[in-house]
Amino acid sequence: MSETTKGRQGWRAFVRSDGFVSVLAVVLSLIVGGILIAVTNKDAQASAAYFFAQPGDFFRDAWNAASGAYAAMFRSAIFNYEGATATEMFNPLSETLTQATPLITASLGVAIAFRAGLFNIGAQGQVIIGAAVAGFVGFRLHLPAPLHILLVVLAAALGGAAWGGLAGWLKAKTGAHEVITTIMLNYVATYLLAFVLLTPLMQRTGSSDPVSEVIDPTAVFPQLIPGTTLRVHLGFVIAILATVFTWWLLSRSKLGYRLRAVGANPEAARTAGISVAACTVIAMALSGAMAGLAGASQVSGTEMFVAEGIAATIGFDAITVALLARSKPLWVFLAALLFGAFRAGGVGMQTDTGTPVDIVLVVQSLIVLFIAAPALTRTIFGIRDRKKAAKAPKAPKSAPPAPPAETPAAQAATVEGGAA
Amino acid sequence: MQLELKNVTKAFGDFVANDSISLTVEPGQVHTLLGENGAGKSTLMNVLFGLYQPTAGEILLNGQPVRFSGPGDAMARGIGMVHQHFMLVPVFTVAENIALGHEDTKGGRLDLKTTARKVREISARFGFDIDPDALVEDLPVGVQQRVEIIKALIRDAELLILDEPTAVLTPQETDELLRIIKQLRDGGTSIIFISHKLREVKEISDVITVIRRGKVVGTADPSASSSELASLMVGRDVQLNLNRVPAEGGSPALEVKNLSVVATNGTLLLDDVSLSVAEGEVLAVAGVQGNGQTELVESIMGLRPVQSGSVSLHGDVLTGRPVKEVLRYGVGYVPEDRNVEGLVGEFSVAENLVLDQLDRPEIAGRLSLHRAAVARNASDKIEEFDIRTGSASAAASTLSGGNQQKIVLAREFSRPLRLLVASQPTRGVDVGSIEFLHRRILRERDTGTAVVLVSTELDEVLEMGDRIAVMYHGKLMGIVPGGTSREVLGLMMAGSTAEEAFEAAAGSAQPGSEENLV
Amino acid sequence: MSAQVLTPAPAPEQSAITAALTRAAKRPAWMLSVAALIAVVVFGFLAPHTSASFRLSATDAAVKVPPLVVPAVAFGWIVALLLIAAAAWAWFLATQRQRSLPGWAMGLAWFVFLAGLMVWLVGTANNPDISLVQLLTGSVALSLPIIFGSMSGALCERAGVVNIAIEGQLLLGAFGAALGGLLTGSLVGALVTAALGGLLVSALLSLFAVKYLVNQIIVGVVLNVFASGLTGFFAGTLLKDGENFHDMPKLAKLPIPGLADIPVLGPIFFQQTLLGYAMFLLVPGLWFALFRTKWGLRVRAVGEHPKAADTVGIKVNRVRVSNVLLAGIVAGVGGSYYTLVSTSEFSRDMTGGTGYIALAALIFGRWNPLLAACAGLLFGFVTNLQYILAQAGTAVPSQFMAMLPYIVTIFAVAGLVGKSRGPAASGEPYVKE
């Protein structure tokens, strides 16, 4: 075998690998997003009117629109090469990390539930409850700084855990499907927050709007780089710790082993003496706790008070992040950074080029869809599908490819034959 | 209808399930396909029924080549099939199931009355007692099978394929089915009968084609001796003589008293069952699938709440305890379906080998698993039980059935046992592994462990049981000594008490009928 | 101990069955007892000493009917007594007959409870006088997209495809109607583009879920994000100051002469828009099609046991894809309500979770079009009651009323208000071996 064929085979294996498909999915989604930006661009539309006379104009305008938007996105998400000061240059990165912070923990939560076989669509509600509790502790209790912060974090985690655990408990106790209950609990949480924001419990004194008091300075997460305007805060460190914890939980701990067993085969887990009900509640509670941390990060890290939109769309984005990362903690961290960059960049893109930030949602959802259907992505890029060919012999369950005799049939034959 | 298969080949990737199979079924003939599970019989029938496309070869009906793109085509040409796993919608009525795909309509409306009338007509012809308005999920399996047969007949099937139709039937129900098949044949219907049970095959067949590893290895006459057929089917002489020594009667270990289990819909699944198993004894529990064996085993394990009664082991009550405590108490469990309850398919072999061992301090600490210990445990067990796997980190789902079952057994034997509950321990396992598994279970018995072994295969029951308990409709029909005749066991499996069965068997035992009995 | 024969005594068998059935029948009995207790305490003892007045005619109605005036205390006690009777009956049946209340009695009991709640709510308001006509017609209007959405869900789930993407279908339907309306200026154009919007979501759902076997829940959730992003993006680009846009068309009410003047019923049933009449036809039509035709039998078989359907020659995935596409059209047209009836302008995420409520109604209605429509009406009713009570100045926080549909659904899936069993194969992709 020559070096070149070896190299070619290695290349082929790489091209067909899941990792490469993920890259292709991102590229493909960005292309689709670019096309959408291009065709809705006024200049491109104008030059499309005389497309057949001067097609070059259209392609130039379309390219300018898409590349301009993406360049603006890069400048506001990674590095502002047009910035005058170091702070201006690095502010985009800080914004990305700030946006990613709550997303990381919330997505870890969704991932934990996924690995335990549970589809937690309720991260949104759990973020809301976490934020509400964090805010309450933040402005109602008055404590010295480190203790206050610790308490805010703990309370938010507990709040989220209770809300997530409730869905877990309903599933364990009555079999109510968590997809439905968590969707419903999202709305209950939304209205519950709307209600308490108008009660003396939380409402800002002197205000008639549904906004809470501002939290004490002792409850605010300190900036990571003090003395600058860079917003990235302690929450990011908490998110890193949460990632490491989740990694340990899922791949090293006894509890994680049990959760995964329940997720992969609840019947076998039950037969092996693992309490499926307990694991369901624990998984949902842990999932909710992680989402609750995201709520704390929103309140103590960026907003400083609680309002109706405190959770933004973190809970829903978290689902896409966890799906993108296939629920592997370290990949969740990276995928959340990517989505944080999209979010930070999308906002900058909107102010710079007028491209609505919603395009980010389109790109994000397409990435997940393309990754979930690798066969489609490969087909689009003209890569022959390796999995289909390899999987085919496994498909017929009635005819397993095991040559030796398979059942007590032979035994039947012998016994009867012996008697004959 | 005359059917001819010419060099039919079906391959899945590199695996050839059917290799150039040729055979001819004449009108009004029962043509049996004899072969072990996995020999390729079902695949061939799925090709014939249009569910699979043949890779090569031809199908001819009355001399005309045909091509089926789906089961609809096959049915339109007069082929009907009774599948091994019934193709009935549980929440539909009998009439709805029979109408499906072949509906009578009246002005755009579904006309189930006409279907029901046709069902009654066919039922009358064959002496079935079927209510077209009954929900299929409420019917016993024997009746469901008749619904399947009517489904084929209402479409005027001239060729009926019956895929392992007796697997779910009692010996007496089997006889009834054979009578129906004869009636159909005499009416001119061609029948393809698929089975691996020699007794039925010899009784019903006009022609026998033997299939092994996807190939036709020969044809036989029904008058051929059983041993001849058996060696054709298996391809070598198989001796399964375990040379087992009878049990030394020890003191009672497991005591089950008046156990009753009721389903949520009010059906009585387990009806006042009492039994006891001594130390060093195998109690084999026989019965047709679904007669309460599963419930009995699950109640012993604490997997299922019981309405009344108790289970105790060496005097300690197990009822009401969680599974974990039952296991910790020294009960080993080989569940009925290893893929569903025994293994986590996507976990590695090593992880599966400690699935219920997390309480052992050498395997796991308070918080985390001891990875080195898990790996060491895996390499020990793989060697001891001869588990054929690429590596200890391979996913359990990639192993063959026999090796998967060895994982389960190895895991259960890793702790000292006082009771082993094994449900269908050799289902879907190759002959070599069956012997290995049986020997390991007997060796465990010889150390003084009480063993409850549930099996629907009479051969396994007779092979392993020191005593045999027979279950029917959730009731214990009686406990008889090991080696009791098949006829007695068959009668008990159909609802006779032990006394009635012995009496009936003694009355019917005549010289010359020996072969049918055994 | 050989040949030991155990003859079971009949006693334990009987008692075990009895115990299990009694336990199953006790749950509704408990629920009714709680309802009765609430009725006694809240509707009875805590009843406001006023009368609740329900206006039965609009001010401009052709035929006027005097308002219905209900004394709160008396009515509250009547409700309480009826519920006590129902609970007692349920307990009697559960303990003595091992049965639950018959379905109609259960339904009636909950209706009585709801009536009691209504009178109490109106009675405790600052101005205990509401328009029943306005309440009911508004409920029908608000439930319209919910019902169209749950019909879309029923079409999909009955064929074995979970449709979480109802929200996305409604949203793209609303957007499609806006875009089509502005581009063509005609109602027909708007309705066609609305259908196309829903169809786009459905096409993606069937591509990923049926063809590429991606988990149906995942596809649904992600498609909702996609629809939200896409419509938000287009709302900020395509829909902004188009030069050759027409005036947005509007679906007007089409009263049926004569019938429209019947008090109470007229405004509800005979003063509807085209969409409203379409809904009245769609719901029973879909029920009939699913449960009384050949097509429906096949669809349900595909949703329950696809392999069985396959073995009788039904093309499983073809049925699934066509149903999902049809569902997209239904939900898309339903979504046009937002831009053709309720407002005339598209705004970001204007469906506001109605798709999820539609899903809830479908489950609450046990995957049956008629019951799902009733559940949709109930949810619409609760929402509208909240608006109307807010006008009347109720003491009950509006947020709790708004929460009600969601909480009811949680109770429903938790099996506290009757068992609900969905199509068995829903969510399972069908792969031919």
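Procedures and definitions
Residues numbered from 1 in each chain as written. Chains lettered and ligands numbered in written order. Predicted model: local features only at pLDDT ≥ 70, side-chain atom pairs only at ≥ 80, totals over all residues. Axes fitted to C-alpha atoms, helices over the stretch in contact; angles between N-to-C directions. Helix = DSSP H or I, 4+ residues; strand = E, 2+ residues; numbered from the N terminus. Parallel < 35°, antiparallel > 145°, perpendicular 65-115°, else oblique. Left-handed = near helix turned anticlockwise from the far one by under 90°. Contact = placed C-beta atoms within 7 Å. Nonpolar A, V, L, I, M, F, W, Y, C, P; charged D, E, K, R; others polar. Domains from an automatic or database assignment. Pairing = 2+ DSSP bridges.

**What to know about the packing of helix α4 (residues 55-77) of chain A against helix α14 (residues 329-353) of chain A**
Residue and element names in this part refer to chain A. Packing of α4 against α14 leaves a shortest axis separation of 7 Å and a crossing angle of 125 degrees. Comparing their axes, α14 and α4 come out oblique. Of the two possible hands of crossing, α4 and α14 adopt the one that is right-handed. Note on element contacts: α14 touches α4 through A341, A344, G345, G346, V347, G348, M349, D352 and T353, opposite G68, A69, A72, M73, F74, R75, S76 and A77. Residue composition of the contact of α4 with α14, grouped by class: 9 nonpolar, 6 polar and 2 charged.

**Examining the domain arrangement of chain B**
Residues and elements named next belong to chain B. By the assigned domains, chain B splits into domain 1 (3-234), domain 2 (239-330 + 416-518) and domain 3 (338-415). Distance between the C-alpha centres of domain 2 and domain 3: 27 Å. The greatest single-element share of the side of domain 2 that touches domain 3, amounting to 4 residues, is contributed by helix α15 (residues 431-446). Partitioning the side of domain 2 that touches domain 3 into residue classes produces 7 nonpolar, 2 polar and 4 charged.

**Examining the packing of helix α6 (residues 123-140) of chain A against helix α12 (residues 276-303) of chain A**
Residue and element names in this part refer to chain A. Remark: α6 packs on α12, axes separated minimally by 7 Å, with the N-to-C direction vectors making an angle of 50 degrees. Between α6 and α12, the angle falls in the class oblique. Of the two possible hands of crossing, α6 and α12 adopt the one that is right-handed. Contact residues: α6 offers A123, Q126, V127, I128, I129, G130, A131, A134, G135 and G138, while α12 offers G288, A291, G292, L293, A294, G295, A296, Q298, V299 and S300.

**So, the sheet that holds strand β17 (residues 316-317) of chain B**
Residues and elements named next belong to chain B. Read from one edge of the open sheet, 4 strands run β14-β13-β16-β17, paired in antiparallel fashion. Only two strands of the sheet have a single neighbouring strand rather than two, namely β14 (268-278) and β17. Relative to strand β16 (residues 308-313), strand β13 (residues 252-262) runs antiparallel, the two sharing 5 bridges. Along β16, the bridge assignment pairs S260 with S308. Relative to β14, helix α9 (residues 293-301) is tilted by about 65 degrees, and along the sheet it contacts β13, β14 and β16.

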